[in-house]
Amino acid sequence: MRLTALTLAAALAATGASAQDASQWTGFYAGFATNIISPEFDNSSTAGPLQEGTSFGAYGGYNYALGDNFVVGAEVGFGGPVSFQTNLGNPDFEFNNQLNARVRGGYAIGNALVYGSLGYQRVEYGAAAGSATADGSASGLVYGIGMEMLLTETVSVRLDYTSTHMNPEDATTLVSGPNSQIDANAVGLGVALHF
């Protein structure tokens, strides 16, 4: 968490008070990210709570400048496996193949872009309760806010927060229950190359 705080502070310090043309953000980009994810179950028979887990993944997309300061774009991302543990220390839940697609809209200030995002996420998961295990998938809405800063003309770093609310697609899994839902909040740090 100290690293993310320092990154955000550096971004704010490097951002001038005067607005700059948003055209510097136009184009394709691709990068890598690490995310600290905190999942929880709503209206579910599955026991909790779960501890945080860290995942690594990749993302890419396209930005387009609207006028001098506004930027819109679309992005897809993929995350690798991440395990979550209960307070007992046993790995009881795991996300696999996290896939999301988001649209972003933001405002360029100096070399920084402050943005919001909205989209769709799907994950595959494995769950365990005692000797019983099950696999399944869940999907739903993902939204968030963030800040991205250009370090050079082609390299940027970003810090963002997302919240995901997913419904299990298999009613027989261990996370089932009336109106069951898997929620996941994530803080991510990414580095991207712009083309």
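Note that the coordinates shown come from a computational prediction; the quantities given were computed from them, not determined experimentally.

So, how was this worked out
Residues numbered from 1 in each chain as written. Predicted model: local features only at pLDDT ≥ 70, side-chain atom pairs only at ≥ 80, totals over all residues. Heavy atoms only, no water. Phe/Tyr/Trp six-rings, centres within 6.5 Å; stacked < 30°, edge-to-face > 60°. Helix = DSSP H or I, 4+ residues; strand = E, 2+ residues; numbered from the N terminus. Buried < 20%, exposed > 50% of the residue type's maximum accessible area, 1.4 Å probe, protein only. Lys NZ or Arg CZ within 6 Å of the ring centre and 35° of its normal. pLDDT = per-residue confidence, 0-100. Contact = heavy atoms within 4.5 Å. Pairing = 2+ DSSP bridges.

**Description of the packing of aromatic side chains**
Right, so step 1: Using the criterion set out here, one finds 7 aromatic pairs in the structure.
Right, so step 2: With a centroid separation of 5.2 Å and an interplanar angle of 75°, the aromatic rings of Phe70 and Tyr107 are classed as edge-to-face. Here Phe70, found in strand β3 (residues 70-79), pairs with Tyr107, found in strand β5 (residues 91-109); they are 37 residues apart in sequence, far enough to count as distant.
Right, so step 3: Phe70 sits in the partly exposed class, given a relative accessible area of 49%.
Right, so step 4: The structure contains a cluster of three or more aromatic residues connected by ring pairs, namely Phe84, Phe93, Phe95 and Tyr125.
Right, so step 5: Above the face of the Tyr115 ring, Arg104 is positioned so that its terminal group lies 4.4 Å from the ring centre.
Right, so step 6: Seen from the ring of Tyr59, Arg158 lies directly overhead, with NZ or CZ sitting 3.8 Å from the centre.

**Observations regarding the confidence of the model for the protein**
Close reading of the predicted structure is inappropriate where its pLDDT is low.
Right, so step 1: On average, residues of the protein score 82 in pLDDT, and 76% of them are at 70 or above.
Right, so step 2: Across the protein, the element-wise mean pLDDT spans from 45 in helix α1 (residues 2-14) up to 96 in β3.
Right, so step 3: This model gives residues 1-19 a pLDDT under 50, and the stretch forms 21 contacts once residues within four places in sequence are excluded.

**A few points about the pairing of β3**
Right, so step 1: Residues Val71, Gly73, Glu75, Gly77 and Gly79 of β3 are buried on one face, while the alternating residues Phe70, Val72, Ala74, Val76 and Phe78, pointing to the opposite face, are not.
Right, so step 2: Bridge count for strand β2 (residues 53-66) against β3 is 10 bridges, and the pairing is antiparallel. Looking at β3, one finds that Leu66 is bridged to Phe70.
Right, so step 3: If you look at the hairpin formed by β2 and β3, you'll find 3 residues sitting between the two strands, and Gly67 has a positive phi there, around 75°.

**Overview of the environment of Tyr64**
Right, so step 1: Along the chain, Tyr64 turns up in strand β2.
Right, so step 2: The sequence separation of Tyr64 and Ala74 amounts to 10 residues, and the corresponding C-alpha distance is 9.2 Å.
Right, so step 3: Beyond its immediate chain neighbours, meaning those up to four positions away, Tyr64 contacts Thr26, Phe70, Val71 and Val72.

**Considerations on the environment of Gln98**
Right, so step 1: Position of Gln98 relative to the elements: it lies in strand β5.
Right, so step 2: We classify Gln98 as buried; its relative accessible area is 8%.
Right, so step 3: When the C-alpha atoms of Gln98 and Val82 are compared, they prove to be 9.5 Å apart, with 16 residues separating the residues in sequence.
Right, so step 4: With near-sequence residues (within four places) excluded, Gln98 lies in contact with Ile37, Ser55, Gly77, Phe78, Gly79, Gly80, Val82, Arg122 and Val123.

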